[in-house]
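Next come the chains, spelled out residue by residue.
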Amino acid sequence: MKKFNLSVAVVLLAGSVMCSSCVGSFALFNKYCKWQTTMTSNKYVNGIVGIILFPIAGTVTSFVDYIVLNTIEFWSGSNPVASNTTTVMGQDGRYYAVKTTRKGYEVKAPTGEVTYFLHDEKTDSWSMMQNGVVKEIFRFNADGTIRANLPNGETITVTNDEAGLNQVRSSVMGDDNFFALR
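Read on for a plain summary of the structure. (Residues numbered from 1 in each chain as written. Predicted model: local features only at pLDDT ≥ 70, side-chain atom pairs only at ≥ 80, totals over all residues. Heavy atoms only, no water.)

## Considerations on the overall build of the chain
When helices and strands are counted, the chain shows four helices and eight strands. Across the 182 residues that make up the chain, the buried fraction comes to 18%. Restricting to contacts in the chain with at least 6 residues of sequence separation, those with at least 24 account for 19%. When the accessible area of the chain is evaluated, it comes to approximately 13700 Å², of which 62% is carbon and sulfur surface. (Helix = DSSP H or I, 4+ residues; strand = E, 2+ residues; numbered from the N terminus. Buried < 20%, exposed > 50% of the residue type's maximum accessible area, 1.4 Å probe, protein only. Contact = heavy atoms within 4.5 Å. Areas by Shrake-Rupley, 256 points an atom, 1.4 Å probe, with all protein chains shown as cover.)

Okay, structure coming up:
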């Protein structure tokens, strides 16, 4: 039996890793790239420093992402480096922190109040949980329509399109709003 060379083993291992379909979000590498392009206010300085740092930092972050973090993301469903929180400006002009969770979204108001929007896969519905109280917002029906729960306790079944959205909007806000529909 022939002995395999170490270099042949490394090439085969690298080839098997490269040919696997475990593609993740590359969160660490993307954070490095974002930092590199915004480290100073001068884009030319950022470019020069990027040229100097990329062969080292880019290679290390890519390697760690590809071998360690993307493997963790593949098996667990979440990347430990990836930030799943974004800031969104509400209609009131204040900023809310929106965090993606496995079952939906967590919205934190500037006052610290937390509201959860949860998806139930069994019933294919979305609910809102606030202070431990859960209220179903809407549910997808088997025929493609949506059953929306109105704030006054009534339910309305609408089509899953813009006309249905406008119908729910007019039911919630009153008939003072007129919309032209095709």
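Following the structure, the description resumes.
## Concerning the pairing of strand β3 (residues 104-108)
Note: strand β2 (residues 95-100) against β3, four bridges, orientation antiparallel. Bridged to Val98 within β3 is Val107. Linking two consecutive strands that pair antiparallel, namely β2 and β3, is a turn of three residues. Looking at chain direction, β3 and strand β4 (residues 114-120) are connected through five bridges and run antiparallel. Residue Gly104 lies in a different strand from β4, and its bridge partner there is Leu118. (Pairing = 2+ DSSP bridges.)

## Considering the nonpolar core
The biggest cluster of nonpolar side chains holds six residues, and these are Ile146, Ala148, Leu150, Ile156, Val158 and Val168. Elements that contribute at least two residues to this core include exactly β7 (146-149) and β8 (155-158). Apart from the residues within four sequence positions on either side, Val168 is in contact with Ala148, Leu150, Ile156 and Val158. (Core = buried A, V, L, I, M, F, W, Y, C linked by side-chain atoms within 4.5 Å.)

## Topic: helix α2 (residues 27-38)
Its twelve residues give α2 an end-to-end C-alpha distance of 16 Å, which sits within 8% of 16 Å, the value for a rise of 1.5 Å per residue. When we look at burial in α2, the residues that qualify are Ala27, Phe29, Tyr32 and Gln36. (Expected span 1.5 Å × (residues − 1).)

## Focus: a nonpolar patch on the surface
A contiguous nonpolar patch, built from Trp35, Ile48, Ile52 and Leu53 and spanning about 400 Å² of accessible area, is present on the exposed surface. The dominant element in the nonpolar patch, judged by the number of residues it contributes, is helix α3 (residues 43-76), at three residues. Assignment of secondary structure puts Trp35 in helix α2. (Patch = residues over 30% accessible without salt bridge, like charges linked within 9 Å, V, L, I, M, F, W, Y side chains within 5 Å. Salt bridge = Lys/Arg side-chain N within 4 Å of Asp/Glu carboxyl O.)

## A few points about the pairing of strand β1 (residues 85-89)
Here five bridges tie β1 to β2, and the two strands are oriented antiparallel to one another. Residue pairing for β2: Val88 is matched across the bridge by Tyr96.

## As for the environment of Val81
Checked against the element boundaries, Val81 lands in the loop between α3 and β1. By relative accessible area, Val81 is classed as partly exposed at 23%. C-alpha separation for the pair Val81 and Asp65, spaced 16 residues apart in sequence, amounts to 9.3 Å. Every residue in contact with Val81, bar those within four places of it in the chain, is listed here: Ala27, Leu28, Lys31 and Leu69.

## Looking at α3
Between the first and last C-alpha of α3 there are merely 37 Å, a value that for 34 residues lags more than 12% behind the 50 Å anticipated at 1.5 Å per step. Where α3 bends most, at Phe54, the angle is about 65°, and the proline Pro55 comes one to four residues later. Buried within α3 are the following residues: Asn46, Gly50, Gly58, Thr61, Asp65, Leu69, Asn70 and Glu73. One side-chain oxygen at the N-terminal end of α3 lies 2.8 Å from the backbone nitrogen of Tyr44; it belongs to Asn42. Phi turns positive one or two residues past the end of α3, at Gly77, with a value near 95°. (Bend = angle between axes of the 7 residues up to and from the residue. Polar contact = N/O pair within 3.5 Å; in protein donor to acceptor, adjacent residues only side chain to side chain.)

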